[in-house]
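# Examination of the molecular architecture
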Amino acid sequence: MTVSRRLFGSALAIVTLVIATGTGCSKSSNDIPVGAYLSLSGSDSTFGIDTRDGIELARQEVNEKGGIKGRKVNVIYEDDKSTSQEASNKVRQLIDRDKVIAILGEVASSRSLAGGLIANTKKVPMVTPSSTAVEVTKDREYVFRTCFTDAQQGDVAARFVFDTLKKKNVGLFYVAQDNYSAGLAKSFKESLQKLGGTIVVEKGYQSKETQFTTLLSDLKASKPEVIFVPVYYNDMVQIARQAKQLGMPGSMFIGGDGWDSSDLIEGAGEALEGAYFTNHYAPDVPWPNSQAFLKSFKAKYNHEPSSLSAQGYDAARLLFDAMGRATELTPEAVKTALVQTKDFAGATGTLTIDKDHNANKPIVVVQIKGKKFTYASQLMAQ
Ligand code: PHE
């Protein structure tokens, strides 16, 4: 390494340190400790980083207005490196070491299941902004979500395919062992079959797979009109590129919220021209709160927010709102206030927390057009 590179490296380290102390950690002992565990590195890092940006905007806004009950909010961020094991460790650490009164996280359902088990056992409320798998909140008194579930998302995707696109013969392609992917594939299948559609071919693959050509050829051979692929963006980039090589058009693919990353557009935007996916948000969604959020997000970060940022923002604002309504700033009182959340106006739609701690809210259908995510329609699950 040359001297100048080394100098640059240490300058960067100092800058990073200054930024880190300047954002989340402006703490005094009177600040309210809230934890956030996210995939800030590892395979799904854009999920975690975008979510943190949204949470930071909400934290800044609440603190600029004087904080909660006269105290500032301090969000302590932990990186679980996109693994479930680290998710459990970080939640334990936030509760035992940092004494947080509530927790935000995770994005991916598999990690929210792991972290949620610890939060629930230790009776500290956790709010996931974006984990949609049904089991995440099931029988867990202290776990909440501000997003829709995969039962709702699968139903909306199936109705969009059947009623709007008028397609009956559908293929399914998903990650066999992943809570999110397999769960969403199952919900979609059940709803489509109820509507009168047929799954003409179904393939589950192992996580970490990168070679999809053989499986895609098998799918293609069964002549589905469209293929539902509820996987994360990183897999979808490879799938879309390899499908293009096989002459499968982008408009043949339908996805779920796991597609939402600018990496998908950059890596496979052209190969997915015309594809649709269900999502929590779109930059051009016509909701008043979304437009207000878009403006303040752009002013802070100089780029458009992803859905993950909007969800992080909503989960943090909803939690802060509950903390403001809580009779005292304890995990138990915050949990009680979260249960009572009604008609909360978020950037990702207006939501009410139901008896299962899930959010009832509209679902957006996004289309990939000219390498951009564009709003197509919105539907409520039935
Ligand atoms: N819903 C996905 C899950 O539960 C996570 C996700 C949310 C991914 C939003 C992208 C966008 O695992």
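Please refer to the structure higher up on the page.
What comes next concerns the included structure. (Residues numbered from 1 in each chain as written. Predicted model: local features only at pLDDT ≥ 70, side-chain atom pairs only at ≥ 80, totals over all residues. Heavy atoms only, no water.)

Take the sheet that holds strand β15 (residues 372–379) next. The 7 strands are arranged β7-β6-β8-β9-β10-β14-β15 in an open sheet whose pairing can be described as mixed. Looking at the sheet topology across the chains shown, the edges are occupied by β7 (198–205) and β15. Averaged over all neighbouring strand pairs, the angle between strand axes comes to 25 degrees, with direction disregarded. As defined by bridge partners, strand β6 (residues 169–175) adjoins β7 across 7 bridges and the pair is classed as parallel. Within β7, the position partnered with G171 by the bridge is V201. (Pairing = 2+ DSSP bridges. Helix = DSSP H or I, 4+ residues; strand = E, 2+ residues; numbered from the N terminus. Axes fitted to C-alpha atoms, helices over the stretch in contact; angles between N-to-C directions.)

As a matter of local geometry, the ligand sits amid 14 residues, with S109, S130, T132, Y232 and D257 nearest to it. Between the ligand and the protein, one listed contact pairs an oxygen atom with a side-chain N or O atom of S109 at 2.4 Å. Here a nitrogen atom of the ligand sits 2.8 Å away from a polar atom, N or O, in the side chain of T132. Here the ligand, which alone exposes 330 Å², has 100% of that area covered by the protein. Among the residues forming the shell around the ligand, the class breakdown is 6 nonpolar, 7 polar and 1 charged. Looking at which domains feed residues into the shell around the ligand, each of domain 1 (2–148 + 286–361) and domain 2 (150–279) gives three or more. (Near = heavy atom within 4 Å. Polar contact = N/O pair within 3.5 Å; in protein donor to acceptor, adjacent residues only side chain to side chain. Areas by Shrake-Rupley, 256 points an atom, 1.4 Å probe, with all protein chains shown as cover. Nonpolar A, V, L, I, M, F, W, Y, C, P; charged D, E, K, R; others polar. Domains from an automatic or database assignment.)

Bringing the nonpolar core into the picture now. Among the nonpolar cores identified, the biggest contains 101 residues, and F188, M236, F253, W259, L272 and M323 are the most heavily contacted of them. Sort the elements by how many residues they give to this core and helix α11 (residues 307–325) lands first, with 10 residues. Taken domain by domain, this core gets at least three of its residues from each of domain 1 (2–148 + 286–361) and domain 2 (150–279). Those residues in contact with L272, other than ones at most four positions away along the chain, are M236, A240, G250, F253, W259, L264 and I368. (Core = buried A, V, L, I, M, F, W, Y, C linked by side-chain atoms within 4.5 Å. Buried < 20%, exposed > 50% of the residue type's maximum accessible area, 1.4 Å probe, protein only. Contact = heavy atoms within 4.5 Å.)

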